[in-house]
Amino acid sequence: MDYSVKDFYVPTITYFTSGNKLTGSRTGMNYKMTPIKDKEILVQVWYGPMNLEQTFAMEKESMGQIESWLYGQYDVYLKTPQAKDYRKKEKQKNA
(Lines give C-alpha, C1' and ligand atoms only; values in the text may rest on other atoms or scores of the structure.)
Protein backbone atom coordinates (compact mmCIF):
# COMPACT_ATOMS: atom_id res chain seq x y z
CA MET A 1 0.00 0.00 0.00
CA ASP A 2 1.28 3.47 -0.86
CA TYR A 3 1.16 6.11 1.88
CA SER A 4 1.36 9.70 0.67
CA VAL A 5 1.30 11.11 4.20
CA LYS A 6 3.87 10.15 6.82
CA ASP A 7 1.73 8.69 9.60
CA PHE A 8 4.31 7.16 11.93
CA TYR A 9 6.74 9.37 13.78
CA VAL A 10 10.13 7.68 14.10
CA PRO A 11 12.63 10.07 15.72
CA THR A 12 16.38 10.18 15.18
CA ILE A 13 18.67 7.62 16.77
CA THR A 14 19.78 10.24 19.32
CA TYR A 15 16.29 10.16 20.83
CA PHE A 16 16.76 6.48 21.70
CA THR A 17 20.44 6.61 22.67
CA SER A 18 19.34 9.20 25.26
CA GLY A 19 17.16 6.50 26.85
CA ASN A 20 13.79 7.83 25.68
CA LYS A 21 10.77 5.63 24.92
CA LEU A 22 8.15 6.51 22.33
CA THR A 23 4.49 5.54 22.14
CA GLY A 24 1.94 6.34 19.49
CA SER A 25 -1.12 5.12 17.66
CA ARG A 26 -2.83 5.28 14.32
CA THR A 27 -6.53 4.52 13.90
CA GLY A 28 -6.62 1.95 16.68
CA MET A 29 -3.19 0.36 16.14
CA ASN A 30 -0.87 1.20 19.03
CA TYR A 31 2.92 1.06 19.09
CA LYS A 32 5.77 1.54 21.54
CA MET A 33 9.54 1.83 20.97
CA THR A 34 11.92 1.10 23.86
CA PRO A 35 15.74 1.26 23.80
CA ILE A 36 17.46 -1.76 25.31
CA LYS A 37 20.94 -1.16 26.77
CA ASP A 38 22.04 1.11 23.88
CA LYS A 39 22.17 -1.96 21.62
CA GLU A 40 18.64 -2.54 20.33
CA ILE A 41 15.26 -0.91 20.00
CA LEU A 42 12.26 -3.04 20.91
CA VAL A 43 9.20 -2.08 18.84
CA GLN A 44 5.83 -3.41 19.99
CA VAL A 45 2.51 -3.20 18.14
CA TRP A 46 -0.89 -4.09 19.52
CA TYR A 47 -4.55 -3.83 18.65
CA GLY A 48 -7.24 -5.55 20.59
CA PRO A 49 -5.83 -8.67 22.24
CA MET A 50 -2.96 -9.01 19.73
CA ASN A 51 0.59 -7.94 20.55
CA LEU A 52 3.55 -8.11 18.17
CA GLU A 53 7.12 -7.08 18.81
CA GLN A 54 10.39 -6.84 16.92
CA THR A 55 13.87 -5.72 17.91
CA PHE A 56 16.13 -3.56 15.75
CA ALA A 57 19.81 -2.72 16.10
CA MET A 58 20.56 0.59 17.83
CA GLU A 59 21.80 2.20 14.61
CA LYS A 60 20.84 5.18 12.51
CA GLU A 61 19.85 2.88 9.64
CA SER A 62 17.31 1.14 11.85
CA MET A 63 15.01 4.19 11.92
CA GLY A 64 13.92 3.54 8.32
CA GLN A 65 13.58 -0.18 9.05
CA ILE A 66 11.34 0.58 12.03
CA GLU A 67 9.15 2.86 9.95
CA SER A 68 8.83 0.21 7.21
CA TRP A 69 7.98 -2.47 9.80
CA LEU A 70 5.28 -0.25 11.31
CA TYR A 71 3.70 0.32 7.88
CA GLY A 72 3.80 -3.43 7.20
CA GLN A 73 2.10 -4.15 10.53
CA TYR A 74 -0.47 -1.43 9.79
CA ASP A 75 -1.33 -3.11 6.47
CA VAL A 76 -1.95 -6.36 8.39
CA TYR A 77 -3.99 -4.49 11.02
CA LEU A 78 -6.25 -2.92 8.37
CA LYS A 79 -7.50 -6.42 7.50
CA THR A 80 -8.56 -7.24 11.08
CA PRO A 81 -12.05 -6.99 12.59
CA GLN A 82 -10.66 -4.51 15.14
CA ALA A 83 -9.72 -2.06 12.37
CA LYS A 84 -13.12 -2.37 10.73
CA ASP A 85 -14.87 -1.78 14.05
CA TYR A 86 -12.64 1.19 14.86
CA ARG A 87 -13.26 2.84 11.48
CA LYS A 88 -17.00 2.20 11.76
CA LYS A 89 -17.11 3.86 15.21
CA GLU A 90 -15.05 6.81 13.97
CA LYS A 91 -17.33 7.25 10.98
CA GLN A 92 -20.42 7.23 13.23
CA LYS A 93 -18.78 9.65 15.65
CA ASN A 94 -17.95 12.10 12.86
CA ALA A 95 -21.34 11.84 11.14
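See the structure printed just above.
Bear in mind that the values here come from a model prediction, so they are computed numbers and not experimental data.

Participant: Which residues make up the packing of aromatic side chains, and what are the values?
Facilitator: For the structure shown, the criterion picks out seven aromatic pairs. Relative to Tyr74, the ring of Phe8 lies with its centre 6.0 Å away and its plane at 75°, an arrangement referred to as edge-to-face. Taken together, the residues span a long stretch of sequence, with Phe8 in the segment before helix 1 (13–17) and Tyr74 in helix 2 (residues 62–77) at a distance of 66 residues. On the basis of relative accessible area, Tyr74 is assigned to the buried category, the value being 5%. For the pair Tyr74 and Tyr77, a centre-to-centre distance of 5.9 Å together with 40° between the ring planes defines the contact as tilted. Linking Tyr74 with Tyr77, this pair stays in helix 2, spanning three residues, or about one helical turn. Each member of the pair, Tyr74 together with Tyr77, is buried. One aromatic cluster in this structure is built from Phe8, Tyr31, Tyr47, Tyr71, Tyr74 and Tyr77.

Participant: Explain the nonpolar core to me, using residue names and the numbers behind them.
Facilitator: The biggest cluster of nonpolar side chains holds 23 residues, and the ones touching the most others in it are Met29, Met33, Ile41, Val43, Ile66 and Leu70. Those elements that place two or more of their residues in this core are helix 1, strand 2 (29–36), strand 3 (40–47) and helix 2. For this core, the element with the most residues is helix 2, which contributes seven residues. Residues in contact with Leu70, not counting those within four places in the same chain, are Phe8, Val10, Met29, Tyr31, Met33, Val43 and Val45.

Participant: Describe helix 3 (residues 81–94), with residues and values.
Facilitator: For helix 3, with 14 residues, the first-to-last C-alpha span of 20 Å sits near the 20 Å given by 1.5 Å per residue. Little of helix 3 sits out of view: just one of its 14 residues are buried.

Participant: Break down the side chain of Thr34 for me, citing the residues and quoting the values.
Facilitator: One can find Thr34 in strand 2. Among the residues examined, Thr34 registers a relative accessible area of 14% and is labelled buried. Setting aside residues no more than four positions away along its own chain, Thr34 makes contact with Lys21, Glu40, Ile41 and Leu42.

Participant: Tell me about the pairing of strand 1 (residues 22–26), and name the residues and values.
Facilitator: In regular strands, side chains alternate between the two faces of the sheet. By the bridge criterion, five bridges tie strand 1 to strand 2 in an arrangement that is antiparallel. Residue pairing across strands places Arg26 opposite Met29, the latter belonging to strand 2. Counting the residues that bridge the hairpin from strand 1 to strand 2 gives two residues, and of these Thr27 lies at a positive phi of roughly 40°.

Participant: Mind laying out the pairing of strand 2, listing which residues take part and the relevant values?
Facilitator: Across seven bridges, the pairing between strand 2 and strand 3 is antiparallel. Along strand 3, the bridge assignment pairs Met33 with Val43. Where strand 2 folds back onto strand 3 in an antiparallel hairpin, the turn is made up of three residues, including Lys37, whose phi is positive at roughly 50°.

About the thresholds
- Residues numbered from 1 in each chain as written.
- Predicted model: local features only at pLDDT ≥ 70, side-chain atom pairs only at ≥ 80, totals over all residues.
- Heavy atoms only, no water.
- Phe/Tyr/Trp six-rings, centres within 6.5 Å; stacked < 30°, edge-to-face > 60°.
- Helix = DSSP H or I, 4+ residues; strand = E, 2+ residues; numbered from the N terminus.
- Buried < 20%, exposed > 50% of the residue type's maximum accessible area, 1.4 Å probe, protein only.
- Core = buried A, V, L, I, M, F, W, Y, C linked by side-chain atoms within 4.5 Å.
- Contact = heavy atoms within 4.5 Å.
- Expected span 1.5 Å × (residues − 1).
- Pairing = 2+ DSSP bridges.

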